[in-house]
Amino acid sequence: MALKTPEEFRQSIADLHLQIYMFGEKVDDYVNHPVIRPSINCIAMTYELARLPEYEDLMLATSHLTGKKVNRFTHIHQSTDDLSKKVKMQRLLGQKTGSCFQRCVGMDAINALYSVTYETDQARGTQYHERFKNYVQYLQDNDLVADGAMTDPKGDRGLAPHQQPDPDMYLHVVERRDDGIVVRGAKAHQTGACNSHEIIVMPTVAMREGDEDYAVSFSCPANAEGVTYIYGRQSCDTRKLEGNDLDIGNAQFGGQEALMVFDDVFVPWDRVFLCGEIEFSGALVERFAGFHRQSYGGCKVGVGDVLIGAAATAADMNGAAKASHIKDKLIEMTHLNETLFSCGLACSYEGVRMPAGNYQIDMLLANVCKQNITRFPYEIARLAEDIAGGLMVTMPSAQDLADEKIGPIVEKYLVGQCDTPVIDRMRILRLVENLTLGTAAVGYRTESMHGAGSPQAQRIMIARQSNINHKKELAKALAGVGKPWDKGKIKVPTAVSAD
Amino acid sequence: MTEEQQAEPVRRVKVVYCGGCNPHIDRSAVADALPADDPDVGPGATVHLSGCPRACASDHLLIMPRSEDDVRGAAGTPHSSDDPPVVVVAGELVDGVPTPAPELAPTITRKLKE
């Protein structure tokens, strides 16, 4: 078994010497950069938990390719049990990190590509599936992190990829050679890109005739020549540069996004999984999105657990925990959070075995899951802010608390429940701020809205699978629509005697 | 047993239905359109007929695995020619391939004879 230790993972990422830019400067020691390090800690947690026997049931799976134990993040789901354990693993990691732990996109990419490469081969006589299975085994054998790169910048949304004035608005093939292809373009919002050993590129929309160069899927090392990362800003990110952990809220962990640029990157044929077969790009997009919409029914729930816990602790520290409205708000937060979990599990339990042999979630329920994710975390965050109180956004800084003259004043006036040290009250309020307004809000709020597709994308999928005609027939049958009406049988109701 | 009942052909295709909670297709109509006594359909032929893509009639399998290798997920494992034919219908999917509702019965019949 080749499971990496967290330390081996950190070193392996450092050894890649990725081309990362932040605040207009190239970042060389990115694994130790204070803004980036918390996100690396998140993925390190996926390695750490996998080595602990008490988490093995969720964190490890048995590879169908080799029969060996592998990290579940590199696993091809072989049952509905695998699908539900994936969701539970994601909840666990959301709880342990309180942020986006980033390794899901690669897992969802390999599971989508597994069935699409098989079906492409069946229909077109191509050889994608066998080479893709070899690639999955490479990920498993070396316990690697893969970034699933789907979202193109897209330019003018009213134009097809091949109609864009700038052809690089969608990543595309610029050259086909005997030994491989050369690609150019970019992928936006790439979660965990700077923490990954590998990149798996997929098209971002269903392609049409004329878009053949854009219907491309492949993998390449994260440090392939021509790949550059421009690190995304997060709300309050520079607090991580202030040298104290208090005002960050969650000093250990955080998410990460980047704009990933491909400047004429060469990809050998054995790493190409789709190239010009436009009719399969839509299925790949839908399946990846489906798996990722399932994912949110686990990861966001785990982060929700942390936020509910933070709000409840803040209530304790404010001395307000016994108020009935506080208890009721915590119940409501829990109800919303568990509803999301229910959706994640439901689409897993109703999953199906694909002709390729892997298991796929129920698409309708996965889209319902994500549609709820676009709403419920916002309400959970609103209730957390309600319970925490305004102090979470008006508190003096850590520098003020540490100041010889100002510090005692801050300490005097920030007292809450009598037994609670002020520093602890400040810590928990900063955690609520981090999750609702700070760096982690990128993952918990806006990513809940737009990650794995914006709300309208789910509504289109829900409409397509809603089986509305069946519902109409049910209603018509019960209402008697179409039945002849005999007016002669109508009677005036008669009163029943009280006797 | 009446003479009329005795005259009914013996159905050579076994149909396994799902529970029918969310039918995207008319399962009864599909079953009725299957060959009743076609000699080209071998004995033991089975159709798992689910109304929607959740494939409950086949225990969530979109295509029936025939060998231990296939159960483990090695896609493309050839089915044994000795096995009786088994076709999985899950809404507008036949053995995992999208198939419009009017084409379901002809497609199933063709696969049963393969």
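Residues numbered from 1 in each chain as written. Chains lettered and ligands numbered in written order. Predicted model: local features only at pLDDT ≥ 70, side-chain atom pairs only at ≥ 80, totals over all residues. Heavy atoms only, no water.

**Q** Where do I start with the overall build of chain A in this structure?
**A** The secondary structure content of chain A amounts to 17 helices and 14 strands. The C-alpha atoms of chain A give a radius of gyration of 26 Å, which matches the 23 Å a tight globule of 499 residues would have. In terms of overall dimensions, chain A has C-alpha extents of about 95 × 75 × 50 Å along its principal axes. For chain A, the residues scored as buried account for 56% of the 499 residues in total. Counting contacts in chain A only where the partners sit at least 6 residues apart, residues at least 24 apart contribute 78% of the total. Carbon and sulfur atoms provide 52% of the accessible area of chain A, an area that totals close to 21,000 Å². (Helix = DSSP H or I, 4+ residues; strand = E, 2+ residues; numbered from the N terminus. Rg over C-alpha atoms; globule rule 2.2 N^0.38 Å. Buried < 20%, exposed > 50% of the residue type's maximum accessible area, 1.4 Å probe, protein only. Contact = heavy atoms within 4.5 Å. Areas by Shrake-Rupley, 256 points an atom, 1.4 Å probe, with all protein chains shown as cover.)

**Q** I'm lost on the environment of Asp-486 of chain A in this one. Help?
**A** Residues and elements named next belong to chain A. With respect to the helices, strands and loops of the structure, Asp-486 is situated in the segment after α17 (468–479). According to the relative accessible area criterion, Asp-486 is partly exposed, its value standing at 46%. Put simply, Asp-486 and Gly-451 are 35 residues apart on the chain and 56 Å apart in space, counted from C-alpha to C-alpha. Here the side chain of Asp-486 touches Gly-488 through a polar contact of 3.0 Å, landing on its backbone nitrogen. (Polar contact = N/O pair within 3.5 Å; in protein donor to acceptor, adjacent residues only side chain to side chain.)

**Q** Help me understand the pairing of strand β8 (residues 198–201) of chain A in this model?
**A** Both faces of the sheet carry side chains from a regular strand, because those side chains alternate between them. Residue and element names in this part refer to chain A. Burial along β8 is two-sided: the face carrying Glu-198 and Ile-200 and the face carrying Ile-199 and Val-201 are both buried. Relative to β8, strand β5 (residues 146–149) runs parallel, the two sharing four bridges. Across the sheet, the residue bridging to Asp-147 is Ile-199, located in β8. For β8 and strand β9 (residues 216–221), the ladder comprises four bridges, and the chain directions are antiparallel. Paired with Ile-200 across the strands is Ser-219, a residue of β9. (Pairing = 2+ DSSP bridges.)

**Q** Would you mind showing me how to read the interface of chain A and chain B here?
**A** In many analyses, interface size is given as the accessible surface area lost on bringing the parts together. Contact with chain A, which involves 22 residues of that partner, is made by 20 residues of chain B. Interface of chain A and chain B: buried area, both sides summed, is about 1,600 Å²; carbon and sulfur atoms make up 49% of it. Among the residues chain A hides against chain B, the three largest losses belong to Arg-353, Pro-355 and Asn-467 of chain A. Together they make up 38% of the total. On the surface where chain A and chain B come into contact, there are two salt bridges. We note a salt bridge from Asp-362 of chain A to Arg-54 of chain B, for which the minimum N-O separation is 2.7 Å. Counting across the chain A and chain B interface gives six residue pairs in polar contact (both at pLDDT 80 or more). (Buried area = accessible area lost by both parts, 1.4 Å probe. Salt bridge = Lys/Arg side-chain N within 4 Å of Asp/Glu carboxyl O.)

**Q** Before we go on, may I ask you to explain the pattern of salt bridges in this structure?
**A** Pairing between side chains of opposite charge can happen when the charged atoms of each approach one another. All names here are of chain A. Applying the stated rule across the entire model yields 32 salt bridges over all chains. Lys-86 is the salt-bridge partner of Asp-108, the closest N and O atoms lying 2.7 Å from each other. Pair noted here: Asp-108 is in helix α5 (residues 104–124) and Lys-86 is in helix α4 (residues 80–97), with a separation of 22 residues, a long-range link. For the salt bridge of Lys-476 with Glu-473, the shortest nitrogen-to-oxygen distance reads 3.8 Å.

**Q** Can you help me understand the environment of Ser-217 of chain A in this one?
**A** Residue and element names in this part refer to chain A. By secondary structure assignment, the location of Ser-217 is in strand β9. The class of Ser-217 is buried, set by a relative accessible area of 0%. Each C-alpha atom of the pair Ser-217 and Ile-278 lies 11 Å from the other, and the pair is 61 residues apart in sequence. If we skip the residues at most four places from it in the chain, Ser-217 touches Leu-113, Val-201, Met-202, Pro-203, Arg-271, Val-272, Phe-273, Leu-274 and Leu-284.

So, to be careful, I would describe these as geometric facts and stop short of saying anything about function.
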